[in-house]
Amino acid sequence: LLTIVLQDATGGLQVRRPHPPHDWIDVPAVEGELVVIVGDYLSALSEGRFVSPVHRVLLPPHPLERYSFTYFRYPRCDATVPSTSAMRAQRQALKSVKRRQRTMGASSESFNTLVRPTDGEGLVKLARLPWGDLLIEKWNEVASNRR
């Protein structure tokens, strides 16, 4: 559903701008401030009204270290997204993918997400498979380093 991050003064968290020029934007590291990142699942539940941002973390140069506290909030393991919400979110996501591909090229879809809009049934999969099954599938994929 969402991720809450408390990062140290080193920073390093970045989000990708969803519109051209699609560059990376630093998320300022402000002492005591929490950063809330909407996940793919909440994006689908909201029918695309809340956007799950593409994000990354840059490591600081040696010998500096970066510390952050991250809290992940997940739905129940048996939860699914209503099919109408998943279909609307899929349409929104495909529009975003096409917009990125026009300006960034085909490689723009190689981001780490729970369900990629261009893979098979895309976000509609969130209505068919329970959250727990999706999570296990994703972690098996990450663990095997297939992407």
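Each remark here, short or long, concerns the structure printed above.
As a convention, each chain's residues are numbered from 1 in the sequence order in which they are written. The model is predicted, so local features are restricted to residues of pLDDT at least 70 and side-chain atom pairs to those at 80 or more, both for listing and for counting; the totals for chains, interfaces and linings are taken over all residues. Excluding hydrogens and water, the side-chain figures rest on all heavy atoms present in the structure.

Notes on the side chain of Thr 3
No. 1: For Thr 3, the location among the structural elements is in strand E1 (residues 2–7).
No. 2: Given a relative accessible area of 15%, Thr 3 falls into the buried group.
No. 3: Discounting residues that sit within four places of it in the chain, Thr 3 has contacts with Val 35, Val 36, Ile 37, Thr 70, Tyr 71 and Phe 72. The secondary structure listing takes helices from DSSP runs of H or I that are at least 4 residues long and strands from runs of E that are at least 2 residues long, numbered from the N terminus. To sort residues, take the accessible area from a 1.4 Å probe on protein chains only and compare it with the maximum for the residue type: under 20% means buried, over 50% means exposed, and anything in between is partly exposed. Whether two residues touch is decided by their heavy atoms; if any such pair falls within 4.5 Å, the residues are in contact.

Observations regarding the packing of aromatic side chains
No. 1: Centres within 6.5 Å are what make two rings of Phe, Tyr or Trp a pair, Trp counting through its six-membered ring; a difference in plane orientation under 30 degrees is then read as stacked, over 60 as edge-to-face, and the rest as tilted. The final tally for this structure, using the stated rule, is 3 aromatic pairs.
No. 2: Ring geometry for Tyr 41 and Trp 131: centres 5.2 Å apart, planes at 75 degrees, overall edge-to-face. You can see Tyr 41 sitting in helix H1 (residues 40–45) and its partner Trp 131 sitting in helix H4 (residues 131–144), a full 90 residues away along the chain.
No. 3: Measuring from ring centre to ring centre gives 6.3 Å for Phe 72 and Tyr 74, while their planes differ by 5 degrees; the resulting arrangement is stacked.
No. 4: Overall, Phe 72 belongs to the partly exposed group, its relative accessible area being 46%.
No. 5: The class for Tyr 74 is partly exposed, based on a relative accessible area of 33%.
No. 6: Taken together, the ring pairs in this structure connect Tyr 41, Phe 72, Tyr 74 and Trp 131 into an aromatic cluster.

Digging into the nonpolar core
No. 1: Within the largest apolar cluster, 14 residues are counted, with the highest numbers of intra-cluster contacts made by Tyr 41, Ala 44, Val 81, Leu 123, Leu 126 and Leu 134.
No. 2: If you list the elements that add at least two residues to this core, you get H1, helix H2 (83–104) and H4.
No. 3: With residues up to four places along the chain from it excluded, the contact list for Val 81 reads Tyr 41, Ala 44, Leu 45, Ala 86, Leu 126 and Ala 127. In these notes, a set of buried Ala, Val, Leu, Ile, Met, Phe, Trp, Tyr and Cys residues joined through side-chain atoms within 4.5 Å is what counts as a nonpolar core.

A short note on the sheet that holds strand E2 (residues 13–16)
Strand pairs in the sheet, formed through backbone hydrogen bonds, run parallel or antiparallel to each other.
No. 1: The rule for pairing is simple: two strands pair if DSSP sees at least two bridges between them. Strand order in the open sheet formed by 3 strands is E3-E2-E5, with antiparallel pairing between adjacent strands. Only two strands of the sheet have a single partner each, and these edge strands are strand E3 (24–26) and strand E5 (55–57). The mean inter-strand angle of the sheet, taken between neighbouring strand axes irrespective of direction, is 30 degrees.
No. 2: Here E2 runs beside E5; their pairing, made up of 3 bridges, is antiparallel. Within the sheet, the bridge partner assigned to Leu 13 lies in E5 and is Val 57. Interaxial angles span 0 to 180 degrees and are taken between N-to-C directions of axes, which are lines fitted to C-alpha atoms, for helices over the stretch in contact.

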